[in-house]
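Structure at a glance
What follows is each chain in one-letter form.
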Amino acid sequence: MPTRSRRDIAPASGKLGVLLVGLGAVSTTFIAGVEIVRRGRAGNGGAGGGGGGSALPIGSLTQMGTIRLGKRTEKRAPKIKDFVPLADLKDLVFGAWDPIPDDAYAAATKAGVLERAHLEPIADFLKGIRPMPAAFDQNYVKRLQGSNVKRAKTKRELAEQLRADIRNFKKSSGVDRLVMVWCASTEVFITPGPTHQTLATFEHAMEHNDPAIAPSMLYAYAALMENVPFANGAPNLTVDVSALAQLAEDRKLPIGGKDFKTGQTMMKTVLAPAFKARMLGLAGWYSTNILGNRDGEVLDDPESFKTKEESKLGVLEYILQPELYPELYGKVFHKVRINYYPPRGDNKEGWDNIDIFGWLGYPMQIKVDFLCRDSILAAPIVLDLALFFDLAQRAGLSGVQEWLSFYFKSPQTAPGLYPEHDLFIQQTKLKNTLRWLMGEQQITHLGVEYYEYGEK
Ligand SMILES: NC(=O)c1ccc[n+]([C@@H]2O[C@H](COP(=O)([O-])OP(=O)(O)OC[C@H]3O[C@@H](n4cnc5c(N)ncnc54)[C@H](O)[C@@H]3O)[C@@H](O)[C@H]2O)c1
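Reference entry: report on the structure contained in this document.

Parameters at a glance
- Once a new chain begins, its residue numbering starts again from 1 and follows that chain's sequence as written.
- In view of the model being predicted, local features appear only for residues whose pLDDT reaches at least 70, and side-chain atom pairs are presented and counted only at 80 or more, with totals across whole chains, interfaces and linings using the full set of residues.
- Excluding hydrogens and water, the side-chain values take into account all heavy atoms of the structure.
- Where helices and strands are cited, they refer to DSSP runs of H or I of at least four residues and of E of at least two residues respectively, numbered from the N terminus.
- Radius of gyration here is computed from C-alpha atoms only, and the compact-globule reference equals 2.2 Å multiplied by the residue count raised to the power 0.38.
- Under the scheme applied here, a residue whose accessible area is under 20% of the maximum for its type counts as buried, over 50% as exposed, and between as partly exposed, the area being computed with a 1.4 Å probe on protein chains only.
- In this tally, Lys and Arg are treated as positive and Asp and Glu as negative; His is ignored, and so are the chain termini.
- Charge positions are represented by NZ for Lys, CZ for Arg, CG for Asp and CD for Glu.
- Axis angles are defined between N-to-C directions and span 0 to 180 degrees, where every axis is a line fitted to C-alpha atoms and, for a helix, only to the segment in contact.
- When an angle is under 35 degrees it counts as roughly parallel; over 145 it counts as roughly antiparallel; between 65 and 115 it counts as roughly perpendicular; any other value is oblique.
- Residue contacts are defined here by distance: any two heavy atoms, one from each residue, within 4.5 Å place the two residues in contact.
- Any residue that is not Ala, Val, Leu, Ile, Met, Phe, Trp, Tyr, Cys, Pro, Asp, Glu, Lys or Arg is counted as polar, Gly included; the first ten are nonpolar and the last four charged.
- Only the six-membered ring of Trp is used, alongside the rings of Phe and Tyr, when aromatic pairs are assigned; centres must lie within 6.5 Å, and planes under 30 degrees apart are stacked while those over 60 apart are edge-to-face, with the rest tilted.
- Buried Ala, Val, Leu, Ile, Met, Phe, Trp, Tyr and Cys residues that are joined via side-chain atoms within 4.5 Å together make up what is termed a nonpolar core.
- The distinction between a cavity and a pocket rests on a 1 Å grid over the protein atoms alone: a 1.4 Å probe fits inside a cavity but cannot get out, while a pocket stays open yet meets protein on both sides within 12 Å along at least five of seven lines, and a residue with an atom within 4 Å of a point counts as lining.
- Grid points are joined across faces, edges and corners, and a volume is the space filled by probe spheres set on the points.
- Crossings are sorted by hand: turned counterclockwise from the far helix by less than a right angle, the near helix makes the crossing left-handed, and turned clockwise it makes it right-handed.

1. Here's the deal with the overall build of the protein
Helix and strand counts for the protein come out as 16 helices and 10 strands. Computed over the C-alpha atoms, the radius of gyration of the protein is 22 Å, within 12% of the 23 Å expected from 2.2 N^0.38 for a compact globule of 456 residues. Counting only C-alpha atoms and orienting by the principal axes, one finds that the protein spans roughly 65 × 50 × 50 Å. Expressed as a percentage of the 456 residues in the protein, the buried residues total 55%. Averaging the locations of the 55 positively and 51 negatively charged side chains of the protein gives two centres separated by 4 Å.

In structure tokens, the structure reads:
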């Protein structure tokens with residue numbers, strides 16, 4: 001039985017435009033995947049590819065996941081997409097910006113993530129997605145060069161050009177609503193400063209070409225000014241500054257980030273809570289990666305790597321709470337490395353050596369070797385974020401969407417709150433938020449009602 005009234009949520013009618021900043025490996029794998037899945041559903045071929053069988057949106061909670069409602073004895077577990085009003089895949093329309101002029105077909109081919117058997121049947125569709133000129137500045141992504149860039153005297157003018165792009169896209173594509181997801185390269189490390197405090201200081205800084213305003217902030221600003229929710233898939237500061245967080249609150253728009261939680265960090269946020277749950281100590285965690293795609297090349301620059309490193313390092317500290325357990329976690333040696341190694345392309349190898357200790361302090365080791373595919377793991381996250389941010393806007397949820405921490409390595413929170421990194425706390429938070437939106441009971445896992453001593 002519903003415990004409270006359902007929140008008013010506007011229906012997901014019409015088309016949803018997904019504006020992607022960056023048309024690289026992640027974006028093209030996402031776009032191509034959605035198109036392959038929807039062609040498969042429509043039954044007009046092109047879905048099988050690769051290993052045969054129909055293509056499924058594997059890794060996407062919104063498409064594959066279910067949600068338990070009510071008591072275990074009720075056996076109610078609808079699919080999430082049938083429970084909350086989400087946009088349907090058939091209603092998604094894509095737009096993108098990139099300083100490299102390749103269309104989505106050329107970009108996907110270069111990225112080398114999906115096989116020809118998947119790309120060829122949808123080649124015409126992908127060729128139709130051409131990147132708009134980017135607000136790009138090489139000072140923020142040192143290893144990239146591009147010709148498809150906007151020119152303007154000030155950063156403010158660049159932001160205005162982005163706003164015009166958004167309006168034009170909305171008009172020409174006929175979409176009803178929009179969301180924006182940053183899937184572009186990792187920018188150099190920037191810390192929040194006085195420039196980022198208020199909208200007035202931020203706008204003043206844009207007008208004066210202040211270096212504290214990175215291109216990603218211009219996209220976020222443009223999105224918010226055009227009433228478009230913004231999600232940040234990279235570790236850049238971007239929308240995690242008070243000026244833009246306040247703008248989102250004022251304009252009643254959802255925002256969130258940072259950095260898609262895909263491979264190594266996902267494993268870390270599963271394993272570390274397990275050690276803590278069993279009160280096993282941790283002496284050290286050495287994580288290293290080899291990666292050969294363009295992202296790896298960008299991260300080979302020490303300033304972009306620093307942004308990524310901060311994002312990857314934060315998780316253990318919050319999960320293990322060394323201030324509460326100094327004997328177990330007071331002296332953890334945590335190291336993260338990313339090495340650019342072209343032969344592997346998008347197929348990253350992430351190694352973890354974990355030194356733990358148990359009863360009376362006896363040491364043990366765990367080795368994890370994750371041979372993953374970066375963009376195959378990231379694409380479903382882009383899809384879920386696009387659909388959930390659109391839902392959040394229709395449900396009137398504004399500001400930081402902490403319930404979507406599940407998807408991020410370095411989740412944004414309200415000021416003064418520490419982030420939850422444990423994947424299963426994040427999952428519970430996400431599902432309970434969906435139940436809350438729909439007026440269903442929260443699931444606490446208490447369960448005394450099933451036993452003699454419990455409440456009848
Ligand atoms: N794949 C994963 O598992 C994963 C996980 C977490 C975060 N990320 C992040 O997602 C982002 C995308 O990853 P990718 O593998 O697709 O990288 P990629 O290099 O293939 O694509 C990024 C694209 O962004 C473009 N770009 C750079 N600056 C831009 C700007 N100012 N405006 C518009 N476009 C711009 C680049 O030209 C490039 O085409 C990276 O920042 C990466 O760190 C990826």
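Let us keep going from here.
2. Details of the packing of helix 7 (residues 155-173) against helix 8 (residues 199-207)
Closest axis-to-axis distance for the helix 7/helix 8 pair is 5 Å, and the angle between their directions is 105°. Between helix 7 and helix 8, the interaxial angle falls into the category roughly perpendicular. Residues Lys155, Arg156 and Ala159 of helix 7 pack against Glu203, Met206 and Glu207 of helix 8. Looking at the contact of helix 7 with helix 8, its residues break down into 2 nonpolar, no polar and 4 charged.

3. Topic: the packing of aromatic side chains
The description of two aromatic rings rests on the distance between their centres and on the angle between their planes. Applying the stated criterion across every chain yields a total of 12 aromatic pairs. With a centroid separation of 5.4 Å and an interplanar angle of 90°, the aromatic rings of Phe30 and Phe94 are classed as edge-to-face. You can see Phe30 sitting in helix 1 (residues 25-42) and its partner Phe94 sitting in strand 2 (residues 92-97), a full 64 residues away along the chain. Overall, Phe94 belongs to the buried group, its relative accessible area being 7%.

4. Quick word on the nonpolar core
One finds Phe30, Leu92, Phe388, Tyr407 and Leu434 to be the most contacted residues of the largest nonpolar core, which totals 64 residues. Considering each element in turn, this core owes the most residues, 12 residues, to helix 15 (residues 374-394). Other than its neighbours up to four places away in sequence, Phe388 contacts Thr62, Ile80, Leu86, Trp403, Leu404, Tyr407, Leu430 and Leu434.

5. Quick notes on empty space enclosed by the protein
Applying the stated criterion across every chain yields a total of 1 cavity of 30 Å³ or more. Residue lining of the largest cavity: Leu23, Asp98, Ile100, Asp102, Ala107 and Arg294, and that is the complete set. Partitioned by chemical class, the residues of the lining of the largest cavity number 3 nonpolar, no polar and 3 charged.

6. Re the packing of helix 9 (residues 215-225) against helix 10 (residues 242-250)
Where helix 9 contacts helix 10, the two axes come as close as 10 Å, and the packing angle between them is 15°. When the axes of helix 9 and helix 10 are compared, the pair comes out roughly parallel. For the pair helix 9 and helix 10, the sense of crossing is left-handed. Across the interface between the two elements, Met217, Ala220, Tyr221, Leu224 and Met225 from helix 9 touch Leu244, Leu247 and Ala248 from helix 10. Looking at the contact of helix 9 with helix 10 residue by residue, the class counts come to 8 nonpolar, no polar and no charged.

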